[in-house]
Amino acid sequence: QVQLVESGGGLVQPGGSLRLSCAASGSAFSFRAMGWYRQAPGKQRELVATITSGGNTNYADSVKGRFTISRDNAKNTVYLQMNNVQPEDTAVYYCNTKIRPRIGAPPNDYWGQGTQVTVSS
């Protein structure tokens, strides 16, 4: 089984920056697509950014130009660099990966425990 552990959240002022980290267990990290999602109070979880095993990235329109997802396969870690944060970015941020239980089957989602990001004042 895979284990994902997020860190790096906290309180930050509008316009500031944070870098979130997600450490993954297992030896197959380099083969997995990874993603960051977030969930604000009273709202549904939404996709923030994804990165494939080959390093291709995609972003939600709301964070394009401000956030950057990256990965370090040697450290089994994926990052989310958050620049020019806004109050609307306040949410719990979750790390995600998808794992196929068997060949030909659709992948299952695995989630970290989440890390709180609060943008205020």
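Residues numbered from 1 in each chain as written. Predicted model: local features only at pLDDT ≥ 70, side-chain atom pairs only at ≥ 80, totals over all residues. Heavy atoms only, no water.

Draft legend 1. Structural detail: the overall build of the protein. Counting its secondary structure elements, the protein contains 0 helices and 11 strands. Reading the secondary structure of the protein in the N-to-C direction produces β-β-β-β-β-β-β-β-β-β-β. By the compact-globule yardstick of 14 Å for 121 residues, the protein fits well, its C-alpha radius of gyration being 14 Å. Over its C-alpha atoms, taken along the principal directions, the protein stretches across nearly 50 × 30 × 25 Å. With 121 residues in all, the protein has 38% of them scored as buried. Within the protein, contacts between residues separated by at least 24 positions form 55% of all contacts whose residues are at least 6 apart in sequence. Approximately 6,700 Å² of the protein is accessible, and the part contributed by carbon and sulfur atoms is 47%. (Helix = DSSP H or I, 4+ residues; strand = E, 2+ residues; numbered from the N terminus. Rg over C-alpha atoms; globule rule 2.2 N^0.38 Å. Buried < 20%, exposed > 50% of the residue type's maximum accessible area, 1.4 Å probe, protein only. Contact = heavy atoms within 4.5 Å. Areas by Shrake-Rupley, 256 points an atom, 1.4 Å probe, with all protein chains shown as cover.)

Draft legend 2. Up close: the pairing of strand β3 (residues 18-24). Of all the 7 residues making up β3, 5 are buried; the element is thus mostly covered by neighbouring parts of the structure. Across 4 bridges, strand β1 (residues 4-7) lies against β3 in antiparallel orientation. When the sheet's bridge partners are listed, E6 is paired in β3 with C22. Relative to strand β8 (residues 77-82), β3 is paired through 6 bridges, and the arrangement is antiparallel. What sits directly across from A23, in β8, is T77. (Pairing = 2+ DSSP bridges.)

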